[in-house]
2 protein chains.
Amino acid sequence: MERTEIRIYRNLMGENDRWAGKTRALCTEYGIAAWNLIGSPGSGKTELLVATLRALEGSGRYAVLEGDVETTRDAERIRETGVPVSQLLTDGACHLEAKLVHHAVRDLPYRELDALFVENVGNLVCPAEFDIGERGKIAVLSVTEGEDKAAKYPLLFREASAVVVTKSDLLPHVPFDMEAARRFIAEVHPRIPVFTVSALKGTGMDPWLAWLRGALRAEYDAGEADRA
Amino acid sequence: MERTEIRIYRNLMGENDRWAGKTRALCTEYGIAAWNLIGSPGSGKTELLVATLRALEGSGRYAVLEGDVETTRDAERIRETGVPVSQLLTDGACHLEAKLVHHAVRDLPYRELDALFVENVGNLVCPAEFDIGERGKIAVLSVTEGEDKAAKYPLLFREASAVVVTKSDLLPHVPFDMEAARRFIAEVHPRIPVFTVSALKGTGMDPWLAWLRGALRAEYDAGEADRA
């Protein structure tokens, strides 16, 4: 019997992981801290990014990839900060895939970047399942969503490097128990840093920015070690 | 050559539609209006359901199926209204599948029901893609999520029978432009009814309840015609 080539089909997740690996290798090579921001639609991811980029202005070189099902509205908001931004449209899909992210990163001036912020599609479930080659995931949770989200959607909170609780200016107006929220988060991920901010009012940003700067610094040092 | 049986694999969506069809046929047979509530995590679906069930109390027989990735927290809130409720856990999946819904409906006292409310997993993207045999989808959008959600996540708003804009008590505290929200919704679905409510404060509920009662009545009449 003739020996024929065996065709190998990898499952989509394997394919996704392969592209994520390429992005991770590229980020390591150039010392880029890549953050994957994940949260519900309307949880304030873009507002948090805008406030963060304005606070970081002058301290390094940043870029943003904005994931959405449709429209370029979020990328337009980021563009006003002067930071390079691309819009990734999933055309119906519920999460960003690593291949799309990788191509978008390749089109950025990545050799010069210190950090890359990727805002995933607004969704607490699916994006947490797909590695896009990030250094870490940031879970974004607004106080209007209720304190039990970490219990009901545990994967993201388990995987995240930090949680940013947004829209704290609304705390006097919503039934949100911050201690309970911290307890729910700690149950699925003990000792994860939790920051409470109002990006709109600019309050509570300093501890979050200090953590982020520390993480960027660590990324740079690790990159230096790898490159040495 | 021996003739062997040809195995047929249907795709999952076809399988899903088959189960949805069973549920729809059962609901038609017994005159049950089945509503599929879809919205972001923390958009106030459960709170809206609790307020709606309390307002409808005594006017008919209702039941609820609560979809979540994990926990029975929402079902416990519904149970306090005295309405029969089951919790559907997807164990990580981002939407309810029709098969699970059908089995849960079969275990309810469905012969006696006037309406069934199914609260889907908190997610603006995936649940809109999966028919569960409902009479219609209700899109739930809170004012804290921003007015552009219909543009960014159009499928749900295109498919829905009505939109309920929730948490209107927070309008004085959030940058939410109601006229813009209505415009974005009308762009993807002209003339869809849009109700603005605060389930927490009990305001704005009457137009929504009137629409729902009208829809329940229409369902009953259609069922009578079918059964005649």
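For clarity, every value in this text was computed on a predicted model and none was experimentally measured.

Criteria and thresholds
- Residues numbered from 1 in each chain as written.
- Chains lettered and ligands numbered in written order.
- Predicted model: local features only at pLDDT ≥ 70, side-chain atom pairs only at ≥ 80, totals over all residues.
- Heavy atoms only, no water.
- Phe/Tyr/Trp six-rings, centres within 6.5 Å; stacked < 30°, edge-to-face > 60°.
- Helix = DSSP H or I, 4+ residues; strand = E, 2+ residues; numbered from the N terminus.
- Buried < 20%, exposed > 50% of the residue type's maximum accessible area, 1.4 Å probe, protein only.
- Lys NZ or Arg CZ within 6 Å of the ring centre and 35° of its normal.
- Pairing = 2+ DSSP bridges.
- Axes fitted to C-alpha atoms, helices over the stretch in contact; angles between N-to-C directions.
- Contact = heavy atoms within 4.5 Å.
- Least-squares fit on C-alpha atoms with pLDDT ≥ 70 in both.
- Buried area = accessible area lost by both parts, 1.4 Å probe.
- Salt bridge = Lys/Arg side-chain N within 4 Å of Asp/Glu carboxyl O.
- Polar contact = N/O pair within 3.5 Å; in protein donor to acceptor, adjacent residues only side chain to side chain.

Draft legend 1. Layout of the packing of aromatic side chains. Residues and elements named next belong to chain A. Taken as a whole, this structure holds 12 aromatic pairs over all chains when the rule is applied. Summarising the aromatic geometry, the rings of Tyr30 and Tyr110 are spaced 5.3 Å apart at their centres and angled 75° between planes, so their arrangement reads as edge-to-face. Here Tyr110 lies in the loop between helix H4 (98–106) and strand E4 (115–119) and Tyr30 lies in helix H1 (residues 12–30), a separation of 80 residues in the sequence. Under the relative-accessibility criterion, Tyr110 is labelled buried at 7%. The positively charged end of Lys22 is found above the aromatic ring belonging to Trp19, 5.1 Å away from the centroid.

Draft legend 2. Representation of the sheet that holds strand E3 (residues 85–89) of chain B within the structure. Residues and elements named next belong to chain B. Pairing is parallel in the open sheet, where 7 strands are placed in the order E3-E2-E4-E1-E5-E6-E7. Looking at strand neighbours, the two that pair on one side only are E3 and strand E7 (194–196), the edges of this open sheet. Pairwise comparison of adjacent strand axes, ignoring direction, gives a mean angle of 20° for this sheet. With 5 bridges connecting them, strand E1 (residues 33–39) and strand E5 (residues 136–142) associate as parallel partners. By the bridge assignment for E5, Gly39 is matched with Val140. Here helix H4 (residues 98–106) sits on the sheet and contacts strand E2 (62–68), E3 and strand E4 (115–119); the angle it forms with E3, its principal contact strand, is near 155°.

Draft legend 3. Summary view of the relation of the copies chain B and chain A. Overlay of chain B on chain A (RMSD 0.0 Å): rotation 180°, translation along the axis 0.0 Å. Given the turn and translation reported, the copies of this chain are related as if by a two-fold rotation axis. Of the residues that chain B buries at the interface, 100% are likewise interface residues in chain A, meaning the two copies contact each other through the same surface.

Draft legend 4. Geometry of the interface of chain B and chain A. Counting residues at the interface gives 35 residues for chain B, matched by 35 residues for chain A. Among the residues chain B hides against chain A, the three largest losses belong to Pro41, Arg73 and Lys152 of chain B. Together they make up 22% of the total. The partner of Asp74 of chain A in a salt bridge is Lys152 of chain B, with the nearest N and O atoms 2.8 Å apart. Run the count over chain B and chain A and you get 12 residue pairs in polar contact (both at pLDDT 80 or more). Breaking the side of chain B that touches chain A down by element, the ones donating at least two residues are helix H3 (73–79) and helix H5 (149–152) of chain B.

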